[in-house]
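Results of the structural survey
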Amino acid sequence: MRLLLLLAVLFTTQFVNAAQVSIIIDDIGYRQTDEAVLALPTTVTLSVLPHTPLGEKLAAIGHSKGHEIMLHLPMQALNGKALGPGGLTNQMNEKEFKQAVQDAFESIPYARGVNNHMGSLLTQLEAPMSWLMESLKQKESYFIDSMTTRYSKAGEAADKQGIPLLRRQLFLDNDVSPQALEKQFNQLIKLANKEGKVIVIVIAHPYPETIRFLQANLPRLTDEGINLVNSSRLLPYRIAHKQQNTGDKAHLR
C-alpha cells in the first residue's frame with residue numbers, strides 16, 4: 001500500500017511540475033478534409049467556426065470521442081477581410097452583438113470556450129470586448145485570445161467579468177512546409193522547457209500537412225516530459241460548465 005501511495009505521489013508531482021501545452025486546431029467546419037482532425041489525440045482541442053457546413057457535425061463527433069470543443073468566433077480584422085457567417089463587427093449594437101454570439105453557440109454543440117478568428121480590429125475595442133465577456137459569463141465559458149494584435153483589450157474585459165482567459169503564444173503552421181513546421185515545433189518545445197511550469201498555448205489549422213506532422217511528432221512532447229492537455233486544464237482558475245441539454249444524435253444531421 002505504501003509503495004502504491006508513493007508511486008501515486010511521484011506521478012502527481014511529475015505531472016504538476018512538467019510543462020503543459022495546449023494545441024488548438026481552429027478554422028474547422030468548411031472542408032471535408034477537416035474531418036482528419038478527429039484522428040488526432042483527444043488531448044488536442046478543436047475550435048469550430050459557427051454556421052459552417054460541417055461545424056455542427058464535427059463538433060458533436062469530436063465531443064463524443066473525447067475532444068474538448070471550442071467556438072472559433074469570427075471577428076472584424078483591420079484588413080477588412082470577409083468574416084463569413086456569424087462575424088462580429090464594430091457596426092453592431094449591443095443587442096445585435098450578443099444575439100450573434102448566442103446564435104454562434106447554438107450552431108456549435110458542446111463548446112466550452114471561445115477563441116477569436118481574425119479580430120485584429122475588434123479585439124482592440126472596449127465595448128465589443130465587454131459585450132463578449134458578458135455573453136461568455138452567461139455561458140460559463142472561457143476565452144483564449146488568438147493575439148492577432150498586441151493591442152488586444154480582451155484581457156482587460158475578461159478580468160472585469162471574471163472570465164478565465166489565456167493567450168496564444170505560438171502559431172504552428174503559418175507556413176506548412178516540413179522545415180517551417182519543424183522549426184515551430186522545436187520552438188514549442190524550447191518554450192516549454194525554458195519556462196518549466198509555464199503553460200504554452202499553440203494554435204494550428206486543419207491543413208493536411210499539419211495533421212500529418214502532428215500525428216508523427218506529438219509523441220516527442222512526451223519524450224521531452226511535456227504534457228499535452230485540453231485548453232480548460234490550463235485556465236488560471238476553474239469555471240463551472242453546464243452541459244448543453246441536447247443529445248449527440250440531434251447534432252449529427
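Residue positions are counted from 1 within each chain, in the order its sequence is given. Predicted model: local features are reported for residues with pLDDT of at least 70 only, side-chain atom pairs are reported and counted for 80 or more only, and whole-chain, interface and lining totals are derived from all residues. Hydrogens and water are ignored here; the side-chain numbers use all heavy atoms of the structure.

1. Here's the deal with the nonpolar core
Condition: The set of buried Ala, Val, Leu, Ile, Met, Phe, Trp, Tyr and Cys residues whose side-chain atoms join them within 4.5 Å is what this entry labels a nonpolar core. Burial classes: relative accessible area under 20% of the type maximum marks a residue as buried, over 50% as exposed, and values in between as partly exposed (1.4 Å probe, protein chains only). The criterion used for residue contact is that any of the two residues' heavy atoms lie within 4.5 Å.
Of all hydrophobic cores here, the largest spans 59 residues; its most connected members are Ile25, Leu132, Met133 and Phe143. Beyond its immediate stretch of four places on either side in the chain, phenylalanine 143 contacts Met75, Val114, Asn115, Asn116, Leu132, Met133, Leu136, Ala154, Ile163, Pro164, Leu165 and Leu166.

2. Some points on the environment of proline 178
Just so we agree on the cut-off: Starting at the N terminus, helices and strands are each numbered in turn, a helix being any DSSP run of H or I of at least four residues and a strand any DSSP run of E of at least two.
Its location among the elements puts proline 178 in helix H6 (residues 178-195). Considering only alpha carbons, one finds proline 178 and glutamate 209, 31 residues apart in sequence, at a separation of 8.1 Å.

3. Let's talk about the packing of helix H4 (residues 126-139) against helix H5 (residues 154-161)
We count it as follows: Only C-alpha atoms enter the line fits that serve as axes; for helices the fit covers just the stretch in contact. Angles between N-to-C directions range over 0 to 180 degrees. Here is the rule for angles: anything less than 35 degrees is roughly parallel, anything more than 145 is roughly antiparallel, 65 through 115 is roughly perpendicular, and the remaining ranges are oblique. Crossings are sorted by hand: turned counterclockwise from the far helix by less than a right angle, the near helix makes the crossing left-handed, and turned clockwise it makes it right-handed. Only Asp, Glu, Lys and Arg are considered charged, only Ala, Val, Leu, Ile, Met, Phe, Trp, Tyr, Cys and Pro nonpolar, and every remaining residue, Gly among them, polar.
Between H4 and H5, the shortest axis-to-axis distance is 9 Å and the interhelical angle comes to 45 degrees. In this view, H4 runs oblique relative to H5, as classed from their interaxial angle. For the pair H4 and H5, the sense of crossing is right-handed. In this structure, H4 contributes Met129, Ser130, Met133, Glu134 and Lys137 to the contact, and H5 contributes Ala154, Ala157, Ala158 and Gln161. Each residue belonging to the contact of H4 with H5 can be placed in one class, and the counts come to five nonpolar, two polar and two charged.

4. Describing H5
Basically, it comes down to this: The directions from the helix axis to the C-beta atoms form the arc being described.
Taken residue by residue, H5 has Ala154, Gly155, Ala157 and Ala158 as its buried positions. Seen along its axis, H5 keeps its buried residues to an arc of 165 degrees; they face one direction. Exposed side of H5, more than 90 degrees from the buried face: Asp159 and Lys160 are the residues found there. Buried-residue contacts for H5 involve H4, strand S5 (142-145) and strand S6 (165-167). Positive phi shows up at glycine 162, right after H5, with a value of about 70 degrees.

5. Overview of the pairing of strand S4 (residues 111-118)
Heads up, the rule is: Here is how to tell: hold the view so the strands point away, follow the path from the first strand over the helix to the second, and if it runs clockwise the crossover is right-handed. Being paired, for any two strands, means DSSP has found at least two bridges between them.
Burial analysis of S4 places seven of its eight residues in the buried class, the great majority of the element. Viewed along the sheet, the connection from strand S3 (residues 69-75) through helix H3 (residues 94-107) into S4 turns out right-handed. The pairing of S4 with S5 spans three bridges and is parallel. Residue pairing for S5: glycine 113 is matched across the bridge by tyrosine 142.

6. Regarding the side chain of serine 231
Let me state the cut-off plainly: We define a polar contact as two N or O atoms separated by no more than 3.5 Å, with the added condition that, inside protein, one atom must be a possible hydrogen donor and the other a possible acceptor, whereas residues neighbouring each other in sequence contribute only through side-chain atom pairs.
As for its placement among the helices and strands, serine 231 is situated in the segment after strand S9 (227-228). For serine 231, a relative accessible area of 0% translates into the label buried. One polar contact links serine 231 to serine 22, side chain to side chain, over a distance of 2.9 Å. Excluding anything up to four places from it in sequence, serine 231 contacts Ser22, Ile24, Thr45, Glu68, Met70, Tyr142, Ile144 and Leu166.

7. Considerations on the environment of glycine 225
Structurally, glycine 225 is set in the loop between helix H8 (219-223) and S9. Since its relative accessible area comes to 41%, glycine 225 is described here as partly exposed. Measuring from C-alpha to C-alpha, the distance between glycine 225 and alanine 19 comes to 7.5 Å, with 206 residues separating the pair along the chain. Every residue in contact with glycine 225, bar those within four places of it in the chain, is listed here: Ala18 and Ala19.

8. A look at unusual backbone geometry
Of all residues except glycine, most have a negative phi; of all peptide bonds, most are trans. Residues other than glycine seldom take positive phi values, yet histidine 51 does so here, at roughly 60 degrees. In this fold, histidine 51 is placed in the loop between strand S2 (45-48) and helix H2 (55-65). With a phi angle near 60 degrees, methionine 118 is a residue other than glycine that sits in the positive phi range. Mapped onto the elements, methionine 118 comes out in strand S4. Take methionine 118: its relative accessible area is 15%, and that puts it in the buried class.

9. Considering the pairing of S2
A regular strand carries its side chains on alternate faces of the sheet. Residues of S2 alternate between two faces, with Thr45 and Ser47 on one and Leu46 and Val48 on the opposite face, all of them buried. Relative to S2, strand S1 (residues 20-28) is paired through three bridges, and the arrangement is parallel. Note on S2: the bridge partner recorded for isoleucine 28 is valine 48. Sheet analysis places S2 next to S3, joined by three bridges and oriented parallel. Counterpart to serine 47 in the pairing with S3 is methionine 70.

10. Things to note about the packing of H3 against H4
Closest axis-to-axis distance for the H3/H4 pair is 10 Å, and the angle between their directions is 45 degrees. By the angle between their directions, the pair H3 and H4 is classed as oblique. Taken as a pair, H3 and H4 cross one another with a handedness that is right-handed. Seen from H3, the contacting residues are Glu94, Phe97, Lys98, Val101, Gln102 and Phe105; seen from H4, they are Pro128, Trp131, Leu132, Glu134, Ser135, Leu136 and Lys139.

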